[in-house]
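Topology and contacts: notes
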Amino acid sequence: MFSRASSFLRFISPSARKHKFSPLFLPSHSQATFRSISAMATQRALEIVEHSDMIRSAGDKRLYRAMTLKNGMKVVLVSDPDTDKSSAALDVHVGFMKDPKDLPGLAHFCEHMLFLGTKKYEEENAYNKFLSEHGGMSNAYTSSENTNYFFDIRPENLPGALDRFAQFFLCPLFTPSATDREVNAVNSENDKNLQQDPWRFNMLDRSLGNPDHDYTKYGTGNKDTLDTIPKSKGLNTRDELLKFHSQYYSSNIMSLAVLGKESLDELSEMVLPLFDPVANKSVEIPSWKEGPYGPEHVKKICYAVPVKDLRNLSVSWTIPDLSDYYASNPGHILGHLIGHEGKGSLLSELKQKGWVNSLCGGQTDGANGFMFFRIDFDLSEEGLEHVDDILLKMFQYIEMLRKEGPQEWVYKECQQLSDMIFKFKDKEMPINYTSFLARRTQKYPLPEVLSGSYLLTEYRPDLITMVLDKLVPETMRIGVVAKKFADVVDQKEKWYGTDYKVEDIPEEKIQKWKNCGLGENLHLPPRNEFIPTNFDLVPREKDCSHLPEMVKETGLTRLWFRQDDKFLLPKACMSFDISSPIAYIDPLHANMSTLFTELFKDALNEYAYDAELAGLSYDLMSTIWGMVLQVKGYHEKQPILLRKILEKLTDFKVDPKRFEIHKEMYIRGLRNFFAEEPYQHSVYYTNNLMAEVQWTKAELLQSAEDVTVEKLQAFIPELLSQLFIEGLIYGNVTKQQAKDIIDMTENILSEKCGTRELLPSQYKRYREVQIPDGCYYLYQTDNKVHKSSSIAIYYQCGMQDTLPNMLLELLVQIVGEPCFNILRTKEQLGYIVFSGVRRARGVQGLRVIIQSDRPPQYVDDRVEAFLHHMDSVIQEMSQEEYDKHVNALVTKRMDKPKKINGQNSKYWSEILSNTYNFDRDDIEVACLKTIKKDSLMKFFKDFIAVDAPHRHKLSIHILPANEGLGTDEPNTNDNGIDLLPVPPNLPKPTIVDDISDFKRHLGLYPLPKPFIDIRRARSKL
């Protein structure tokens, strides 16, 4: 996987910037008593930082040890006896900026190749097969300066996984056959991104710098750069891979993070012998004294044409590398102010003008030695005509910041928020955490690896002023993106083909912005009143259920409640499913529902922004049955925010100017769907064909112009006139507080807009289309933007229930790794190869999604050949191997949510689906452990096999923008791999020409039955 390090249109959320910590959480040496450091650690390490000397979050119960080994590798060990998964990650401090000039993409290709065999484990899929059989997964990414590898696994299998992982960095094979084949995967990955605007503008931004600077390199690679051109120059790519790995994969620029159940000493004994042998080649961490943009590259404006219908304005400056100043983080302080969205902010002023819809600003990584400060604007149609005026307002805001000077109260507010975030941060998934730690170990001193990216401990007004002084017209670079520039562009970027034009900014404009003065409506933000002060846990409920329970029901509302007893954080989640019979009755009403929720969030943004900064957020989303309202975060001020939302909701007035802007954005978004990737289209059309009712993008577009201010204003009270609200309140809340919240909700709705309860027959849930036994339907359409094809094959397996759920998931567990290995790694059908479970409206099935440069029917046949092959694989599978897969699935299903939001999402999905199986994991895993191989084989023979009596197949074929795909394919592909035979007598499809007609002539599955007795739960109230 390739990672973009920075982007021409990079949007930075002000509420999600780096956070630092304060001395408030420095650890006490008396907090824990530890064994003496293991002999292994002392023998192999130059430096050891024990748990008590690492700056940790107060709520973090894990134990840590950080070391620098004698070979220079930095290692962080994490002991977590409660973990459901073990994990490891290794970060190499080299990325595509060190690619040889004549082999663009080599670092990324090297990342791909390390997965495909080592001297100790020669089989190409040995690593991924081992992980898959033991409940694990893996991935990696290459960025401009780093390559990061990571995996997770059942805790008891960590030693075996680590041994296989360590070989990546000791003795990779880079076999000639794998090298020749895997270049196709890199090429497919590149093809996938060619029409993606973020990738295109990232590369355009880089290409406009000094061509001799490493920052301007093209990092993904493709078949031309990694195969065709090198061969024409007499270069052997495999030899170059070996050289690259030998030169840069040095232990002294590597950092490793390992998390397991074992003690720190046990982890040391396990890890150090495996990674101590990695050679130290004394590689110097790459650095660049200067940025890529010199005097000849600034005071320029670039006009670029997007693939989608976008309108963006980006302003950037090169600034010094601030990495060493993480304790004061001046770029974050400035980003907090420039990106603020409250009253007096730059965004507030520009929205009032109707020019800008959103704004983000802050520092972004460049490379070791330089950074960037960027301000990005999403423009309205009118805003595109006022770019100069927007930039004038921007410089007026910057001038106001200069005049006011650094404010210590702003720093302390940011520090307070950072301290709060770090102290009460949620536990991360192990695979994400180790990847994060491995990367952070490259950036921070070992005692601060856990805290360095969070904490603010030093107020440095001089650094804030220094960065502010860099934000001047004389050194800026401007990018403007819009379709309208198609007639003026005169250049094409080499790698992605982006059309653009670069002009000098006239000196009179530079002087105008330099002497901009002050804007009367621009000022510093007020102090944040939403920062919580009460972090106490509420009194514990007596005899509280360990699962959500119904605590109140009226004709208008039903409330489920559970007090958190696991995470024990001062946080809560409130979710409300607001059902209205008119929200989705036709495309016009669906459009009005969406526009209402978007305009509402737009109108409340200034008020809610401070809450979001203070860790309290909300969302209001339109759905096919109404709306969903969620409020999450620190519990103390949730009722205040919820009351404001409800009062605004029931008394909402449509602003005509904002309406026109959001309507245009909405229509643009609908049109932009047609430029999404082919695999996304295949998923969309699968859903569209299988849903009883789902308005198409075309139907929504056709009626969107009919929405007016008057219609929307009249629609809102109608929408709220009859409702049924089902809610879940989970977290640091008492039962009585939960009841008070639902009472407040009912009272506001009843008093403000006379909301009445729904009749039982008005409570609508749509059902799933039922494919008849033995039927195979094919729907074909094209994607006019991308050159790849895509297929999505869905084998419908019937209603969800405990036993069929586990049979399907076990089948997916068994076919998952060989599906990837055969269709992706060996046959090289495409970069995106996915197999998994599809579930919707109580019905489920197996689905396979592939995005390819091959004809869709050929790929469809390859999937059939693979599944035919799996028939015999499952039949011949040993009991030992079968048991491995059962245990692997048990591990995945029993992997508990690490965050309160994750647990809330599990409960909430049960409520939204009306199944209410809140203990699903335990119930289904107990069933899984009883399933015999014969039962799985019968399931496969009944639903998946070519001659299965209950086979229900739907294929979606997305044809590419070009029609250059061949139709005839040989029995052996050009990678020299013998292909699995396509089963004889494959059934011919029934072509679907009209989606509505297709659904009109098929039956529907019933809705799923609730797992619990709702009437019985009601009777206990």
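None of the values given here were measured: they were computed from a predicted structure.

1. So, the side chain of Ser579
Note that Ser579 resides in strand E17 (residues 571-579). Once residues lying within four places of it in the same chain are set aside, the contact partners of Ser579 are Trp625, Gln722, Leu723, Phe724, Leu758, Tyr763 and Arg765.

2. Some points on the sheet that holds strand E25 (residues 843-852)
What the 6 strands build is an open sheet, ordered E24-E25-E23-E26-E22-E27; its pairing is mixed. Whereas interior strands pair on both sides, the edge strands pair on one side only; in this sheet they are strand E24 (832-840) and strand E27 (990-991). Here strand E22 (residues 775-782) pairs with strand E26 (residues 952-959) via 8 bridges, running parallel. For Tyr779, the partnering residue across the bridge sits in E26 and is Ile956. Helix H26 (residues 856-876) contacts E22, strand E23 (789-799), E25 and E26 of the sheet and is inclined by roughly 45° relative to E23.

3. Some remarks on the environment of Ser852
Mapping Ser852 onto the fold places it in strand E25. The class of Ser852 is buried, set by a relative accessible area of 2%. Along the primary structure Ser852 and Ser188 are separated by 664 residues, whereas in three dimensions their C-alpha atoms are 7.3 Å apart. If we skip the residues at most four places from it in the chain, Ser852 touches Ser788, Ser789, Leu829, Gly830 and Val859. At 2.9 Å, the side chain of Ser852 and the backbone nitrogen of Arg854 are in polar contact.

4. Observations regarding the side chain of Thr142
Within the secondary structure layout, Thr142 lies in strand E5 (residues 137-142). We classify Thr142 as buried; its relative accessible area is 0%.

5. Brief notes about the packing of helix H25 (residues 802-826) against helix H30 (residues 933-943)
For the pair H25 and H30, the least separation of the axes is 10 Å and the interaxial angle reads 90°. On the basis of their axis angle, the class for H25 and H30 is roughly perpendicular. Counting all contacts with H25, which are made through Pro804, Leu807, Leu808, Leu810, Leu811 and Ile814, the residues of H30 involved are Ser935, Leu936, Phe939 and Phe940. In terms of residue class, the contact of H25 with H30 is made up of 9 nonpolar, 1 polar and no charged.

6. Looking at the pairing of strand E6 (residues 147-153)
Counting buried positions along E6 gives 7 out of 7 residues, so the element sits mostly inside the fold. Of the strand pairs in this sheet, strand E4 (residues 86-92) and E6 are connected by 7 bridges, and their pairing is antiparallel. Looking across to E6, one finds that Ala89 is bridged to Phe150. When E5 meets E6, the two strands line up antiparallel, connected through 6 bridges. Among the inter-strand pairings, Tyr141 is bridged to a residue of E6, identified as Asn148.

7. Topic: the packing of helix H3 (residues 126-133) against helix H27 (residues 879-893)
Running from N to C, H3 and H27 cross one another at 70°; their axes reach a closest spacing of 8 Å. One element, H3, and the other, H27, form an angle in the roughly perpendicular class. On H27, the residues that touch Lys129, Ser132 and Glu133 of H3 are Glu881, Lys884, His885 and Ala888. When its residues are assigned to classes, the contact of H3 with H27 shows 1 nonpolar, 2 polar and 4 charged.

8. Some remarks on H3
For H3, the tally of buried residues reaches 6 of 8 residues, placing the bulk of the element in the interior. Of the surrounding elements, those touching the buried residues of H3 are E5, E6, helix H4 (158-166), H25 and H27. In the segment just after H3, Gly135 is the residue with positive phi, at about 70°.

9. Quick look at the sheet that holds strand E11 (residues 370-379)
If you walk across this open sheet you meet the 7 strands as E10-E11-E9-E12-E8-E14-E13, and the pairing is mixed. Edge positions in the open sheet fall to strand E10 (356-367) and strand E13 (491-492), since each of these has one partner strand only. Where strand E9 (residues 312-320) lies against E11, 9 bridges are found, and the strand directions are antiparallel. By the bridge assignment for E11, Pro320 is matched with Phe370. Sheet strands in contact with helix H13 (residues 387-404) are E9, E10, E11 and strand E12 (477-481), and its direction is about 40° off that of E9.

10. Examining the pattern of salt bridges
Under the criterion given, the structure shown has 72 salt bridges. Note that Lys552 is salt-bridged to Asp743, the shortest N-O span being 2.1 Å. Placement of Lys552 in strand E15 (residues 549-553) and of Asp743 in helix H24 (residues 735-753) is noted, with a sequence separation of 191 residues between them. For Lys552, a relative accessible area of 21% corresponds to the partly exposed category.

11. Points about helix H14 (residues 408-423)
Across its 16 residues, H14 extends 22 Å between first and last C-alpha, which sits within 8% of the 22 Å expected from 1.5 Å per residue. Within H14 the residues assigned to the buried category are Trp409, Val410, Tyr411, Glu413, Cys414, Gln415, Leu417, Ser418, Asp419, Met420 and Phe422. Contacts made by the buried residues of H14 are with helix H10 (330-338), helix H18 (587-613) and strand E19 (626-634).

12. A few points about the nonpolar core
Across soluble globular proteins, you tend to see nonpolar side chains buried next to one another. Of all hydrophobic cores here, the largest spans 85 residues; its most connected members are Phe576, Tyr618, Leu642 and Leu712. Per-element tally for this core: the top contributor is H18, with 12 residues. Not counting residues up to four positions away in its chain, the partners in contact with Tyr618 are Phe600, Lys601, Leu604, Ala608, Leu629, Gln630, Val631, Leu641 and Ile645. Listed in part, the 56 residues of the second largest apolar core include Met73, Val94, Leu103 and Tyr249.

13. Remarks on the pairing of strand E14 (residues 499-504)
Direction of pairing for strand E8 (residues 300-304) relative to E14: antiparallel, over a ladder of 5 bridges. Of the residues in E14, the one forming a bridge with Lys300 is Asp504. Sheet topology places E13 next to E14; 2 bridges connect them, and they run antiparallel. Bridge pairing in E14 places Gln491 opposite Tyr500. Counting the residues between successive antiparallel strands, the hairpin from E13 to E14 contains 6 residues, one of them, Gly497, with a positive phi of roughly 75°.

14. Structural notes on the environment of Gln630
Relative to the elements of secondary structure, Gln630 occurs in strand E19. It is 8.8 Å that separates the C-alpha atoms of Gln630 and Asp577, two residues lying 53 residues apart in sequence. Apart from the residues within four sequence positions on either side, Gln630 is in contact with Met574, Ser575, Ser617, Tyr618, Asp619, Met621, Asn904 and Trp908. Within the structure, the side chain of Gln630 is placed 2.9 Å from the side chain of Ser575, a separation counted as a polar contact.

15. A word on the confidence of the model for the chain
The predicted model of the chain has a mean per-residue pLDDT of 94, with 95% of residues at 70 or higher. The low-confidence segment residues 2-36, where pLDDT is below 50, has 130 contacts with residues more than four positions distant or belonging to other chains.

16. Digging into the packing of aromatic side chains
Scanning the model with the defined rule gives 51 aromatic pairs in all. Look at Tyr215 and Phe372: their rings are 5.5 Å apart centre to centre, the planes differ by 55°, and that puts the pair in the tilted class. Highlighted residues: Tyr215 in the loop between helix H6 (197-207) and helix H7 (223-232) and Phe372 in strand E11, separated in sequence by 157 residues. What makes Tyr215 buried here is its relative accessible area of 0%. When the centroid spacing of 6.5 Å and the interplanar angle of 65° are considered together, the rings of Phe596 and Phe600 count as edge-to-face. Separated by 4 residues within a single helix, Phe596 and Phe600 lie in helix H18, roughly one turn from each other. Neither Phe596 nor Phe600 differs from the other in exposure class; each is buried. Through a chain of ring-to-ring contacts, the aromatic side chains of Phe115, Tyr127, Tyr149, Phe151, Phe165, Phe168, Phe169, Tyr249 and Phe275 assemble into a single cluster. In this structure, Arg765 packs its charged tip against the face of Trp625, placed 4.4 Å from the ring centre.

17. Concerning unusual backbone geometry
For Lys299, which is not a glycine, the phi torsion comes out positive at approximately 55°. Positionally, Lys299 belongs in the loop between helix H9 (264-275) and E8. Backbone geometry at Asp543 places phi at a positive 55°, although glycine is not the residue there. Inspection of the secondary structure assignment puts Asp543 in the loop between helix H17 (507-514) and E15. Judged by relative accessible area, Asp543 falls into the exposed class, the value being 80%.

18. A closer look at the state of the cysteines
Taken as a whole and assessed by the stated rule, the structure comprises 0 disulfides. Cysteine Cys819 is unpaired, with the sulfur of Cys797 as its nearest cysteine sulfur at 15 Å. What makes Cys819 buried here is its relative accessible area of 1%.

The rules we used
Residues numbered from 1 in each chain as written. Predicted model: local features only at pLDDT ≥ 70, side-chain atom pairs only at ≥ 80, totals over all residues. Heavy atoms only, no water. Helix = DSSP H or I, 4+ residues; strand = E, 2+ residues; numbered from the N terminus. Contact = heavy atoms within 4.5 Å. Pairing = 2+ DSSP bridges. Axes fitted to C-alpha atoms, helices over the stretch in contact; angles between N-to-C directions. Buried < 20%, exposed > 50% of the residue type's maximum accessible area, 1.4 Å probe, protein only. Polar contact = N/O pair within 3.5 Å; in protein donor to acceptor, adjacent residues only side chain to side chain. Parallel < 35°, antiparallel > 145°, perpendicular 65-115°, else oblique. Nonpolar A, V, L, I, M, F, W, Y, C, P; charged D, E, K, R; others polar. Salt bridge = Lys/Arg side-chain N within 4 Å of Asp/Glu carboxyl O. Expected span 1.5 Å × (residues − 1). Core = buried A, V, L, I, M, F, W, Y, C linked by side-chain atoms within 4.5 Å. pLDDT = per-residue confidence, 0-100. Phe/Tyr/Trp six-rings, centres within 6.5 Å; stacked < 30°, edge-to-face > 60°. Lys NZ or Arg CZ within 6 Å of the ring centre and 35° of its normal. Disulfide = S-S within 2.5 Å.

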